[in-house]
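If you want the building blocks of each chain, they are given just below.
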Amino acid sequence: MPRYAQLVMGPAGSGKSTYCSTMVQHSETLNRSVQVVNLDPAAEHFDYPVMADIRELIQVDDVMEDDSLRFGPNGGLVFCMEYFANNFDWLEESLGHVEDDYILFDCPGQIELYTHLPVMKQLVEQLQQWEFRVCGVFLVDSQFMVESFKFISGVMAALSAMVSLEIPQVNIMTKMDLLSPKAKKEIEKYLDPDMYSMMEDGSNTIRSKKFKKLTKAICGLIDDYSIVRFLPFDRTDEEGINIVLQHIDFSIQYGEDLEFKEPKEVEEEPANLNYDEIFQDKVNS
Ligand SMILES: Nc1nc2c(ncn2[C@@H]2O[C@H](COP(=O)(O)OP(=O)(O)OP(=O)(O)O)[C@@H](O)[C@H]2O)c(=O)[nH]1
Ligand SMILES: [Mg+2]
């Protein structure tokens, strides 16, 4: 039986840890067990119970304090993640092996992990070897998506994770509850974007003539192949959270292998009932 994993990725502060705790709470209401692994060696705050925490293996502060390494916060994080990739047996031990496990991996926010460093790809391959079906969940803060040029750079960030990890990926715009009603209306066009008209939009902020051709080619490619789409995520909207979860479940075929549960049998009538006697009583009366 397979196990299931969501790799929760996205830029710093995009809402990854909040997404994980929201999903855990939501799953509880559905009677589903979802666990979280913290993979951020610099994490300070999160409010979900962890099944494993990378900080038990290595911490950024320890790496930065090491005089022989002399790393800053970002170099320190990269070192930690490479150390993690060389010690996947720690993860294997922490995960154990429970069939049908559904695990969220709360990843760090450094974007280079998803663009050109090999560690996340190595993690995906390792999880697949352990029979996990893995879905990438890429989060972008909706407040940084309400203008054409910001949207295109968000799309490119999501796309580079998709290309480098080669797994199904669901892209999400977070913090929808923080948008003003005007911005909420404005963002609708980015949830189902027509990239061509976005380019032609006179009010847009893509002004540079020099790069217009390149931007147009990128927009055309994304539009023609429907490569990137975003789902809205408002942590206060249960129905919206459920739609996101359904998309992810569908991409990793969660539920298809679950064992079919027989419906409860209706209680049989007591076997010692003698219908002839009852019938006779009725005839006599
Ligand atoms: N209102 C609102 N605030 C949110 C939402 N999601 C996250 N936040 C806030 O945004 C901030 C960052 O959220 P985190 O969940 O810590 O983001 P993160 O991506 O885990 O951040 P790093 O791990 O530092 O990269 C916190 O103050 C959250 O409370 C949301 O859906 N709505
Ligand atoms: Mg976090």
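Under an unreviewed UniProt entry, the protein chain has the name GPN-loop GTPase 3 and belongs to Oreochromis niloticus. The record in UniProt for the protein chain states the following under Subunit (unreviewed entry): "Binds to RNA polymerase II (RNAPII)." Per UniProt, the comment on the protein chain under Sequence similarities (unreviewed entry) is "Belongs to the GPN-loop GTPase family."

Chemist: How would you summarise the packing of aromatic side chains if you had to cite specific residues and measurements?
Modeler: A complete count under the given rule lists 11 aromatic pairs for this structure. Ring geometry for Y102 versus Y254: centroids 5.1 Å apart, planes at 80°, classification edge-to-face. Of the two residues, Y102 is situated in strand β4 (residues 102–106) and Y254 in the loop between α11 (238–251) and α12 (275–284); the sequence distance between them amounts to 152 residues. Relative accessible area serves as the criterion here: at 2%, Y102 is assigned to the buried category. Residue Y254 is classed as partly exposed on the basis of its relative accessible area of 21%.

Chemist: Which residues make up the sheet that holds β4, and what values do they have?
Modeler: Taken together, 7 strands build an open sheet; the order of strands is β3-β2-β4-β1-β5-β6-β7 and the sheet is parallel. Every interior strand has two partners, whereas the edge strands, β3 (50–53) and β7 (230–232), have only one. On average, adjacent strands in this sheet sit at an angle of 25° to one another, irrespective of strand direction. Pairing of strand β6 (residues 169–174) with β7 involves 3 bridges; the strand directions are parallel. Looking at β7, one finds that I172 is bridged to L231.

Chemist: Tell me what's going on with the site of ligand 1, and back it up with residues and numbers.
Modeler: The environment of ligand 1 is formed by 13 residues, the closest being G15, K16, S17, T18 and D177. A distance of 2.9 Å separates a nitrogen atom of ligand 1 from a polar atom in the side chain of D177. Out of a free accessible area of 650 Å², ligand 1 has 69% covered by protein chains. For the shell around ligand 1, the residue count by class is 2 nonpolar, 6 polar and 5 charged.

Chemist: An account of the environment of A12 is requested, with residue identities and associated values reported.
Modeler: Relative to the assigned elements, A12 resides in the loop between β1 (3–9) and α1 (16–29). Of the residues examined, A12 reaches a relative accessible area of 66% and is grouped as exposed. Through-space distance from the C-alpha of A12 to that of F138 is 12 Å; in sequence the pair is 126 residues apart.

Chemist: Go over the packing of helix α3 (residues 73–85) against helix α6 (residues 119–129) with me, naming the residues and quoting the values.
Modeler: Interaxial distance between α3 and α6 falls to 10 Å at its minimum, and their mutual angle equals 25°. When the axis of α3 is compared with that of α6, the two are roughly parallel. The hand of the α3/α6 crossing is left-handed. When α3 is examined against α6, the residues M81, F84 and A85 are found in contact with a partner set consisting of V119, M120, Q122 and L123. Its residues placed into classes, the contact of α3 with α6 shows 6 nonpolar, 1 polar and no charged.

Chemist: Would you mind going over unusual backbone geometry in detail, with residue names and values included?
Modeler: A positive phi angle, close to 55°, is found at E166, a residue other than glycine. Take E166: it is sitting in the loop between α7 (148–165) and β6. The backbone of K175 sits at a positive phi, close to 55°, despite the residue not being glycine. On the basis of relative accessible area, K175 is assigned to the partly exposed category, the value being 25%.

Chemist: An account of the pattern of salt bridges is requested, with residue identities and associated values reported.
Modeler: Enumeration according to the criterion identifies 6 salt bridges in this entry. The salt bridge involving K121 is made with E125; its shortest N-O contact spans 4.0 Å. Of this pair, K121 and E125 are both found in helix α6, 4 residues apart, which corresponds to roughly one turn of the helix. A residue is classified by how much of its surface remains accessible, and E125, at 40% relative accessible area, is partly exposed. Here E147 and K150 are joined by a salt bridge, their closest N and O atoms 3.2 Å apart. For E147, a relative accessible area of 31% corresponds to the partly exposed category. One salt-bridge network, held together by shared partners, links K121, E125 and E166.

Chemist: Describe in detail the environment of H247, supporting the description with residues and values.
Modeler: Mapped onto the elements, H247 comes out in helix α11. Spatially, the C-alpha atoms of H247 and V170 are 7.4 Å apart, while their sequence positions differ by 77 residues.

Reading guide: rules and limits
- Residues numbered from 1 in each chain as written.
- Chains lettered and ligands numbered in written order.
- Predicted model: local features only at pLDDT ≥ 70, side-chain atom pairs only at ≥ 80, totals over all residues.
- Heavy atoms only, no water.
- UniProt positions renumbered as here; feature names shortened; annotations may be inferred.
- Phe/Tyr/Trp six-rings, centres within 6.5 Å; stacked < 30°, edge-to-face > 60°.
- Helix = DSSP H or I, 4+ residues; strand = E, 2+ residues; numbered from the N terminus.
- Buried < 20%, exposed > 50% of the residue type's maximum accessible area, 1.4 Å probe, protein only.
- Pairing = 2+ DSSP bridges.
- Axes fitted to C-alpha atoms, helices over the stretch in contact; angles between N-to-C directions.
- Near = heavy atom within 4 Å.
- Polar contact = N/O pair within 3.5 Å; in protein donor to acceptor, adjacent residues only side chain to side chain.
- Areas by Shrake-Rupley, 256 points an atom, 1.4 Å probe, with all protein chains shown as cover.
- Nonpolar A, V, L, I, M, F, W, Y, C, P; charged D, E, K, R; others polar.
- Parallel < 35°, antiparallel > 145°, perpendicular 65-115°, else oblique.
- Left-handed = near helix turned anticlockwise from the far one by under 90°.
- Contact = heavy atoms within 4.5 Å.
- Salt bridge = Lys/Arg side-chain N within 4 Å of Asp/Glu carboxyl O.

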